[in-house]
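Chain residues, written in single-letter form:
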Amino acid sequence: MVQEWTYTMRRSMQEIVPNLFLGPYSSAVKSKLDALESSGITHIICIRHRLEAHYIRPNFPDKFRYLVLDIADSPMENIISHFGRVKMFIDDCLHNFGKCLVHGNAGISRSAAFVLGYLMQKYGLTLKRAFQVVQSRRFCINPNEGFLAQLIEFEPIYRAQRIFQNNGQHSEIFRNKRPLDC
């Protein structure tokens, strides 16, 4: 069941699909260790600009597995090149019955773009549908125009990859598609 969005929720993480969370850095600071553990988080993707590294950083390297990406929230930044690593990290987490938090600074642009890209790949969604799913759980998402343009460009790329992985069988893509709420 989807909660009605309130402004203060932007400061906390939300579960987008089972075991995949999106939120701001403030949901992964030292004072939030109990909340992370009680939510069952095992993996964290920390997305920040190199200049933010002194205050947006892995706070619990001994408690959680981290993937740190140094990416600016700039329309010129290439995010597609990181989608494969992010998907492998999240898939590994979920395959091992873990829970993953994806955060940037505010949980609005960079981290949202990566969650959108993941959902598109994993479930064969269009950007429009992925955006609806994510925004229904974290209303404040707003990837910058460059990230949105890359997500649009990414759609035929991941679709071709899915066909290739299924040995060119279009029908296999739709037969094996998992519902979002599995």
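Since this is a predicted model, take the numbers as computed values, not measurements. (Residues numbered from 1 in each chain as written. Predicted model: local features only at pLDDT ≥ 70, side-chain atom pairs only at ≥ 80, totals over all residues. Heavy atoms only, no water.)

### Thoughts on the packing of helix α3 (residues 110-123) against helix α5 (residues 145-165)
Viewed as axis vectors pointing N to C, α3 and α5 meet at an angle of 20°, and their least axial separation amounts to 9 Å. Comparing their axes, α5 and α3 come out roughly parallel. The handedness of the crossing between α3 and α5 comes out as right-handed. Of the residues in α5, those in contact with Arg110, Ala113, Leu116, Gly117, Met120, Gln121, Lys122 and Tyr123 of α3 are Phe147, Leu151, Phe154, Glu155, Tyr158 and Arg162. (Axes fitted to C-alpha atoms, helices over the stretch in contact; angles between N-to-C directions. Helix = DSSP H or I, 4+ residues; strand = E, 2+ residues; numbered from the N terminus. Parallel < 35°, antiparallel > 145°, perpendicular 65-115°, else oblique. Left-handed = near helix turned anticlockwise from the far one by under 90°. Contact = heavy atoms within 4.5 Å.)

### Brief notes about the side chain of Arg48
Note that Arg48 resides in strand β3 (residues 43-48). Within the local environment of Arg48, its side chain forms a polar contact with the side chain of Asp70, the two groups lying 2.9 Å apart. With near-sequence residues (within four places) excluded, Arg48 lies in contact with Ala53, Ile56, Arg57, Pro58, Val68, Leu69, Asp70, Ile71 and Arg110. (Polar contact = N/O pair within 3.5 Å; in protein donor to acceptor, adjacent residues only side chain to side chain.)

### So, helix α4 (residues 127-137)
Along α4, the residues that are buried comprise Leu127, Ala130, Val133 and Val134. In a view along the axis of α4, the buried residues occupy a sector of 130°, so they form one face of it. Against the buried residues of α4 lie β1 (14-17), β2 (20-23), α3 and α5. (Buried < 20%, exposed > 50% of the residue type's maximum accessible area, 1.4 Å probe, protein only. Arc of directions from axis to C-beta.)

### Side note on the sheet that holds strand β4 (residues 65-70)
Strand pairing in a sheet relies on backbone hydrogen bonds, with the paired strands running either antiparallel or parallel. Spatially, 5 strands are ordered β1-β2-β5-β3-β4 in an open sheet, and the strand pairing comes out mixed. One side of each edge strand has no neighbouring strand; the edge strands of this open sheet are β1 and β4. Taking each pair of neighbouring strands and ignoring which way they run, the sheet shows an average axis angle of 25°. In this sheet, β2 lies alongside β1 in antiparallel orientation, the contact comprising 3 bridges. Bridging across to β2, Val17 finds its partner in Leu20. (Pairing = 2+ DSSP bridges.)

### So, the pattern of salt bridges
The full count for this structure, using the stated rule, is 7 salt bridges. Note that Lys63 is salt-bridged to Glu37, the shortest N-O span being 4.0 Å. With Lys63 in the loop between β3 and β4 and Glu37 in helix α1 (residues 33-39), this residue pair connects regions lying 26 residues apart in the sequence. Exposure remark for Lys63: the relative accessible area of 44% places this residue in the partly exposed category. A residue is classified by how much of its surface remains accessible, and Glu37, at 40% relative accessible area, is partly exposed. Here the salt bridges do not stand alone but share partners, grouping Lys87, Asp91 and Lys122 into one network. (Salt bridge = Lys/Arg side-chain N within 4 Å of Asp/Glu carboxyl O.)

### Re the pairing of strand β5 (residues 100-103)
By the alternation rule, side chains of β5 split into Cys100 and Val102 and Leu101 and His103, which are all buried. With 4 bridges joining them, β2 and β5 adopt parallel strand pairing. Bridging across to β5, Gly23 finds its partner in His103. In this structure, β3 lies alongside β5, joined through 4 bridges in parallel fashion. In the strand pairing of β5, Ile44 is matched with Leu101.

### Side note on the confidence of the model for the protein
Per-residue pLDDT for the protein has a mean of 89; in total, 87% of the residues score no lower than 70. Across residues 171-176 the pLDDT falls below 50, and counting only partners more than four positions away or on other chains, this stretch makes 6 contacts in the model. (pLDDT = per-residue confidence, 0-100.)

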